[in-house]
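Spelled out from the first residue to the last, the chains are:
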Amino acid sequence: MGKAVITSIVLLGAILGCQAQTETVVRNVGFGEYPSVVFVSTPRHQRCMGTVINANHVLTSGTCVMTDGAARIYPAPLVQVVGGDLSVTNPVVTQQTRVAQHIFVHEHFRPRTNDNNVAIIRLAEPFHLPSNGIEEAHIRMRIVPQGHQCDVVRATLTGNPVLQAYNVQIRNRNLCDSCCLEIFREESNICTEPITISDSLLQGDSMFCDGELTAIATTVVSNDQTREFHFNQVRFFTHWIQQQLIRTQPMPEGWSPNGV
């Protein structure tokens with residue numbers, strides 16, 4: 001009898017955990033609040049976000065720097081990174097714009113399952129640091145506890161891009177495995193409560209917990225009311241990131257994660 005009651009409680013907790021939802025509040029980011037977040041522009045006009053790792057390198061999603069359907073990697077000179085200020089028509093003195101020199105997509109990136117969806121952009125010219133508008137991100141190496149509140153930083157899609165942040169609440173990973181296994185299959189995935197905003201979200205949106213870079217957004221599964229956004233925890237990729245920072249061999253031109 002006791003075991004049956006405990007089992008029922010666990011199952012109820014899993015069901016409620018999958019249905020739990022907190023209101024998502026979107027706000028404009030203050031100047032200097034998230035200075036490591038940059039804007040990535042590609043030939044297919046897909047706006048996406050990146051995060052400054054150091055003066056020469058930016059972290060983003062693999063999907064961001066690839067052609068439609070993640071068929072092939074873009075030639076590096078066609079990818080541009082804007083930091084310090086995102087305004088297109090009225091840039092301020094803190095804005096710095098750079099062109100990519102090399103693009104490194106994780107060699108085990110799998111578009112169909114979204115595994116290892118990360119990339120590093122090496123800039124042709126480094127950002128001028130220190131700066132009043134751009135700063136290197138500090139990567140969070142600790143586990144984020146259940147119920148913790150974090151911010152995800154994105155840019156608006158209409159008119160002049162403006163940095164915004166929306167709140168997310170971390171969910172118990174075991175509850176996500178119970179209801180959302182199709183998008184939380186990897187240990188590197190971080191689980192959040194559903195995001196209750198209806199407008200567009202961007203590849204490479206950065207999640208910050210306690211001011212530290214925690215995860216990047218890579219894809220979204222949505223219904224009429226909520227969105228389950230797929231985030232990869234950066235701490236699981238620190239070894240790979242460090243390898244790219246000292247890498248001397250560029251990726252093959254037109255490299256494809258599909259092996260063709």
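Looking at an unreviewed UniProt entry, one finds the protein chain named Peptidase S1 domain-containing protein, with Anopheles quadriannulatus as its source organism. The Sequence similarities (unreviewed entry) field of the UniProt record for the protein chain holds the comment "Belongs to the peptidase S1 family. CLIP subfamily."

S.K.: Give me the lowdown on the nonpolar core, citing residues and values where you can.
M.R.: If you look at the biggest cluster of nonpolar residues, it comprises 50 residues, and the most contacted ones within it are Leu 59, Val 105, Ile 121 and Ile 241. Excluding residues within four positions of it along the chain, Ile 241 makes contact with Ile 53, Leu 59, Ile 120 and Val 234. Within the second largest apolar cluster, 13 residues are counted, among which are Val 152, Ile 170, Met 207 and Phe 231.

S.K.: Break down the sheet that holds strand β5 (residues 80-83) for me, with residues and values.
M.R.: Spatially, the six strands close up into a barrel ordered β2-β3-β4-β7-β6-β5, and their pairing is antiparallel. Adjacent strand axes in the sheet meet at a mean angle of 40°, parallel and antiparallel pairs treated alike. With five bridges connecting them, strand β6 (residues 96-105) and strand β7 (residues 119-123) associate as antiparallel partners. What sits directly across from Ile 103, in β7, is Ile 121. Where helix α3 (residues 238-245) meets the sheet, its contacts fall on β3 (48-54), β4 (57-60), β6 and β7, and the angle it forms with β7 comes to roughly 25°.

S.K.: Break down the pairing of strand β8 (residues 149-155) for me, citing the residues and quoting the values.
M.R.: The element β8 is largely enclosed, with a buried count of six among its seven residues. Direction of pairing for β8 relative to strand β9 (residues 163-169): antiparallel, over a ladder of seven bridges. Note that in β9 the partner of Val 152 across the bridge is Tyr 166. Where β8 lies against strand β11 (residues 206-209), three bridges are found, and the strand directions are antiparallel. Pairing of Val 152 across the sheet is with Met 207, part of β11.

Procedures and definitions
- Residues numbered from 1 in each chain as written.
- Predicted model: local features only at pLDDT ≥ 70, side-chain atom pairs only at ≥ 80, totals over all residues.
- Heavy atoms only, no water.
- UniProt positions renumbered as here; feature names shortened; annotations may be inferred.
- Core = buried A, V, L, I, M, F, W, Y, C linked by side-chain atoms within 4.5 Å.
- Buried < 20%, exposed > 50% of the residue type's maximum accessible area, 1.4 Å probe, protein only.
- Contact = heavy atoms within 4.5 Å.
- Pairing = 2+ DSSP bridges.
- Helix = DSSP H or I, 4+ residues; strand = E, 2+ residues; numbered from the N terminus.
- Axes fitted to C-alpha atoms, helices over the stretch in contact; angles between N-to-C directions.

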